[in-house]
Amino acid sequence: MIARTRIADLLAAPVPPAEGRPITVHGWARSRRDSKAGISFVDLNDGSTLNGLQIVIPATLPDYADLIKGIHLGTALRVDGLLVPSQGRGQTVEVQATAVGITGACDPERFPIQKQAMTMEHLRTLPHLRARTRTIQAIMRVRSVLAGAVHRFFQERGFVYVHTPIITGADCEGAGKQFHVTTFDVGAPPRTPDGRVDWAQDFFARPVHLTVSGQLEGETYACGLGDIYTFGPTFRAENSNTPRHLAEFWMIEPEMAFCDLDGDRAVACDFVRACVADALARCGPEIAFLEQQQSPGLRASLEALAGAEFAHLTYTDAISALERSKRSFEFPVQWGIDLQSEHERWLVEEHCKRPVVVTNYPKGIKAFYMRLDPGEQTVSAMDVLVPRMGELIGGSQREERLDVLEARVPPRSRRLRRLPRPAPLRLGATCRLRAGLRTPGLPGHRHPEHPRCDPLSPHPGQCRLGRSRLRHPYPPSQNDRHQDRDHGAKSHRIVAGEMALGIATDRQSRQPGGKARRRRLDR
């Protein structure tokens, strides 16, 4: 077995005695500095931490001159030596090397990672090497910690982790185009006598595609297990070239039976606080790096969010506050509109000056299956709004009264199949963890030629919880449609009650005349 001590463990351990202790480390050189005294200093990193370990290589080592000539940025090294207290500034320990071996040579003329800053667009062209950079390392560590925090949060509260199908014939959300799966030769598929594709000859004997959501299966399991959540890859073939959209991402979708909107609100607020607190506790160096490089004040903002008491406003109260503000918003304010980011941020940053939960939205801008409130003008839906971002979480209580639910199904979508018994009172919250996690404080980026080709490349910006979508499986009535002005096509998209850890799905679109505006099509 290869002897190896992780650099993260060495930096976290107590400072060794002056005489040092023998260790063996492996890693990649980040830099090399030669002194006139015949000593070379190498910054070595093995990926276990954002920080490097200083290696002191004396000229007394055999073949010192040839060895030093081969050590460049990216060179893989094995170092044997003594871990001693550091005599320099900026580190507590260093390694006095007694033997150094090059385990992976690196040609400095051809190695594409350089010391100077590189754009995210450039790093996307280097998928095999970008993990060597501090920025990508920080992003992926935060993502890893947040993924663990999501599991820990639900497991500690008794939720059952359910695996839902990746290949499916159900389009439970209808949010956009799907990636179809087939064994056919797409250029010459078998056809029926009337010229249609003969799906009966395919592997599943019917059209299937990659899943857009595990929500459908999640709801059925919640009606037997009580509280469940899913966590798996989902896929969208939407032709959207914004940095806010991915073709592949990981989504967490909890479903809770016998729960109401107050319970949903409590879980959502606890979820935000828990995940942010976990990141603060476990990603100190990464957050410090991102704060220094991209987002001043990041830690203070996250600490405030982790300990925040969330204010509560009804939608009607929020609209009244916006109207009284006398502010000139790009999107005019009136009861019945879908709140835009400028409205949400004003409520959080200027009106309440803390995170806000807005509840009881007009039924016309929410899904038909959300529970009608008394008065039948609003539904039991909510949005969680936080500073610097606006909307972070969306959720709702589902309609459990079968007669009310049937009456609210759009006329052209009433192909209902009665189940043996009605479902219990339930609340659905869809949590989404995208593979390209938005790390706070970093700019968005897209590959100029293939903006959706790399689902694992980070799209940094805000780490936020966004919305997923549900569309009726059958054509809606004219009154239930939203106009998609980007493509001139009409689509009916209904937002499911959900929480989503990932990237917001708001898109940039343009009105006639070229004026750019931010729209939410899918509420």
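Preceding this paragraph is the structure being described.
The structure presented is a predicted model; accordingly, all values stated were derived computationally and were not measured.

Chemist: In this structure, what is going on with the overall build of the protein chain? I would like to understand it.
Modeler: Assigned secondary structure in the protein chain consists of eleven helices and 23 strands. Split into buried and exposed, the 523 residues of the protein chain put 52% on the buried side. For the protein chain, the exposed area adds up to about 24,800 Å²; of that, 52% sits on carbon and sulfur atoms.

Chemist: Got a minute to help me understand the sheet that holds strand 1 (residues 21-34) in this structure?
Modeler: Strand pairing in a sheet is mediated by backbone hydrogen bonds. Such pairs are either parallel or antiparallel. Pairing is mixed around the closed barrel formed by five strands, whose spatial order is 1-2-3-5-4. On average, each strand axis in the sheet is tilted by 55° relative to the strand beside it, whichever way the strands run. Pairing analysis gives six bridges linking strand 1 to strand 2 (residues 39-45), with the strands arranged antiparallel. Bridged to Asp-34 within strand 2 is Ser-40.

Chemist: What is the right way to look at the layout of surface pockets in this model?
Modeler: To locate leftover empty space, one rolls a probe as large as a water molecule over the atoms. Of the volumes computed, that of the second largest pocket is approximately 680 Å³. Lining the second largest pocket we find 27 residues, and of these Gln-114, Lys-115, Gln-116, Thr-133 and Arg-134 sit closest to its centre. Elements that contribute at least two residues to the lining of the second largest pocket include exactly strand 1, strand 2, helix 3 (120-124), helix 4 (134-156) and helix 7 (284-293). The greatest single-element share of the lining of the second largest pocket, amounting to four residues, is contributed by strand 1.

Chemist: What exactly am I supposed to notice about helix 7 here?
Modeler: In an α-helix, one turn spans 3.6 residues, which is why side chains three or four residues apart end up on the same side. Among the residues of helix 7, Glu-286, Ile-287, Phe-289 and Leu-290 are the ones counted as buried. The buried residues of helix 7 all sit within an arc of 160° when viewed along its axis, so they share a single face. At its buried positions, helix 7 is contacted by helix 4, helix 6 (261-282) and helix 8 (298-306).

Chemist: Please clarify how the pairing of strand 13 (residues 356-362) should be interpreted in this entry.
Modeler: Along any regular strand the residues' side chains alternate between the sheet's two faces. Of all seven residues that make up strand 13, six are buried, and the element is covered over most of its length. Bridging between strand 12 (residues 311-314) and strand 13 involves four bridges; their strand directions are parallel. If you follow His-312 over to strand 13, its bridge partner there is Val-357. As paired strands, strand 13 and strand 14 (residues 378-386) are joined by six bridges and run antiparallel to one another. Within strand 14, the residue paired with Pro-362 across the bridge is Thr-378.

Chemist: Can you help me understand the sheet that holds strand 7 (residues 167-168) in this one?
Modeler: In spatial order, the strands read 7-9-8; together these three strands make up an open sheet with antiparallel pairing. The sheet terminates laterally at strand 7 and strand 8 (180-181), the two strands that pair on one side only. The pairing of strand 8 with strand 9 (residues 208-210) spans two bridges and is classified as antiparallel. Bridging across to strand 9, His-180 finds its partner in His-209.

Chemist: What exactly am I supposed to notice about the nonpolar core here?
Modeler: Soluble, globular proteins show a tendency: their nonpolar side chains are buried together. Counting residues in hydrophobic clusters, the biggest one holds 43 residues, and the most contacted among them are Phe-154, Phe-310, Val-384 and Ile-393. Only helix 4, strand 10 (227-235), strand 11 (248-257), helix 6, helix 7, helix 8, strand 14 and strand 15 (390-397) provide two or more residues apiece to this core. In this structure, Val-384 is in contact with Ala-268, Phe-310, Val-356, Val-357, Gly-390, Glu-391, Leu-392 and Ile-393, ignoring residues within four places of it in sequence. Ala-311, Leu-313, Cys-352 and Leu-405 belong to the second-largest nonpolar core, a separate cluster that totals 30 residues.

Chemist: Explain helix 10 (residues 341-352) to me, please; I cannot follow it from the model alone.
Modeler: In a regular helix each residue adds 1.5 Å, so twelve residues correspond to 16 Å; helix 10 covers 15 Å between its end C-alpha atoms and thus fits that length. Directly after helix 10, the chain includes Lys-353, whose backbone phi takes a positive value near 60°.

Chemist: Looking at this model, I keep getting lost on the side chain of Glu-94. Mind explaining?
Modeler: Counting through the fold element by element, Glu-94 comes out in strand 5 (residues 93-104). For the buried residue Glu-94, which engages in no salt bridge, the nearest side chain bearing the opposite charge is Arg-33, 7.9 Å off. Of note is the side chain of Glu-94, whose polar atom sits 2.8 Å from the side chain of Gln-54. One polar contact links Glu-94 to Gln-96, side chain to side chain, over a distance of 3.2 Å. Residues in contact with Glu-94, not counting those within four places in the same chain, are Leu-53, Gln-54, Val-56, Leu-82, Leu-83, Val-84, Pro-85, Ser-86 and Gln-87.

Chemist: How should I be thinking about the packing of helix 9 (residues 315-324) against helix 10 in this particular structure?
Modeler: Each pair of packed helices can be summarised by the angle the axes make with each other and by the distance between the axes. Close contact between helix 9 and helix 10 brings their axes to 11 Å; oriented N to C, the two are set at 80°. In this view, helix 9 runs roughly perpendicular relative to helix 10, as classed from their interaxial angle. Counted together, Ala-318, Ala-321 and Leu-322 of helix 9 and His-343, Trp-346, Leu-347 and His-351 of helix 10 form the full contact between these two elements. Taken together, the residues of the contact of helix 9 with helix 10 break down into five nonpolar, two polar and no charged.

Chemist: Looking at this structure, I do not really get the pattern of salt bridges. What am I missing?
Modeler: Any two side chains of opposite charge can pair, so long as their charged atoms come close to each other. Taken as a whole and assessed by the stated rule, the structure comprises 18 salt bridges. Residue Glu-286 is joined to Arg-141 by a salt bridge in which the shortest nitrogen-to-oxygen separation is 3.7 Å. One end of the pair, Glu-286, is in helix 7; the other, Arg-141, is in helix 4, with 145 residues separating them in the sequence. Classification of Arg-141 as buried rests on a relative accessible area of 18%. One salt bridge connects Arg-299 with Glu-303, and the closest N-O pair in it is separated by 3.4 Å. Of the two residues, Arg-299 and Glu-303 are both situated in helix 8; the distance of four residues between them amounts to about one turn of the helix. Assessed through its relative accessible area of 44%, Glu-303 is described here as partly exposed. Ionic contacts of the salt-bridge type, sharing partners, join the residues Arg-152, Asp-278 and Arg-282 into one network.

About the cut-offs
Per chain, residue numbering runs from 1 following the sequence as it is written. The predicted nature of this model means local features are confined to residues of pLDDT at least 70 and side-chain atom pairs, given and counted, to a pLDDT of 80 or more, with totals for whole chains, interfaces and linings taken over all residues. Only hydrogens and water are set aside; all other atoms, that is, all heavy atoms of the structure, feed into the side-chain values. Strands here are runs of E lasting at least two residues and helices are runs of H or I lasting at least four, both read from the DSSP assignment and numbered beginning at the N terminus. Burial classes: relative accessible area under 20% of the type maximum marks a residue as buried, over 50% as exposed, and values in between as partly exposed (1.4 Å probe, protein chains only). For accessible areas, the Shrake-Rupley method is used with a probe of radius 1.4 Å. Any residue's cover is judged against the shown protein chains and nothing else. Any two strands with at least two DSSP bridges between them are considered paired. A fitted line through C-alpha atoms serves as each axis, taken over the contacting stretch for helices, and the angle formed by two N-to-C directions is quoted from 0 to 180°. In the cavity and pocket records, a cavity denotes points on a 1 Å grid over the protein atoms alone where a 1.4 Å probe fits but cannot get out, a pocket denotes an open set with protein on both sides within 12 Å along at least 5 of 7 lines, and lining residues are residues with an atom within 4 Å of a point. Grid points are joined across faces, edges and corners, and a volume is the space filled by probe spheres set on the points. Here the arc refers to the set of directions running from the helix axis out to each C-beta atom. We call two residues in contact when some of their heavy atoms are within 4.5 Å. Residues enter a nonpolar core if they are buried and are Ala, Val, Leu, Ile, Met, Phe, Trp, Tyr or Cys, with the set joined through side-chain atoms within 4.5 Å. Expected helix span is given by 1.5 Å per residue-to-residue step, counting one fewer step than there are residues. Positive: Lys, Arg. Negative: Asp, Glu. His and the chain ends are not part of the count. Any Lys or Arg side-chain nitrogen found within 4 Å of a carboxyl oxygen on Asp or Glu counts as a salt bridge. Definition of a polar contact: a pair of N or O atoms within 3.5 Å, with one able to donate and the other able to accept a hydrogen when the atoms are protein atoms, and with sequence-neighbouring residues admitted only if both atoms are side-chain atoms. Here the word oblique covers every angle except those under 35 degrees (roughly parallel), over 145 (roughly antiparallel) and from 65 to 115 (roughly perpendicular). Three classes are used: nonpolar for Ala, Val, Leu, Ile, Met, Phe, Trp, Tyr, Cys and Pro, charged for Asp, Glu, Lys and Arg, and polar for all others, with Gly counted as polar.

Worth remembering: the numbers are spatial, not functional.
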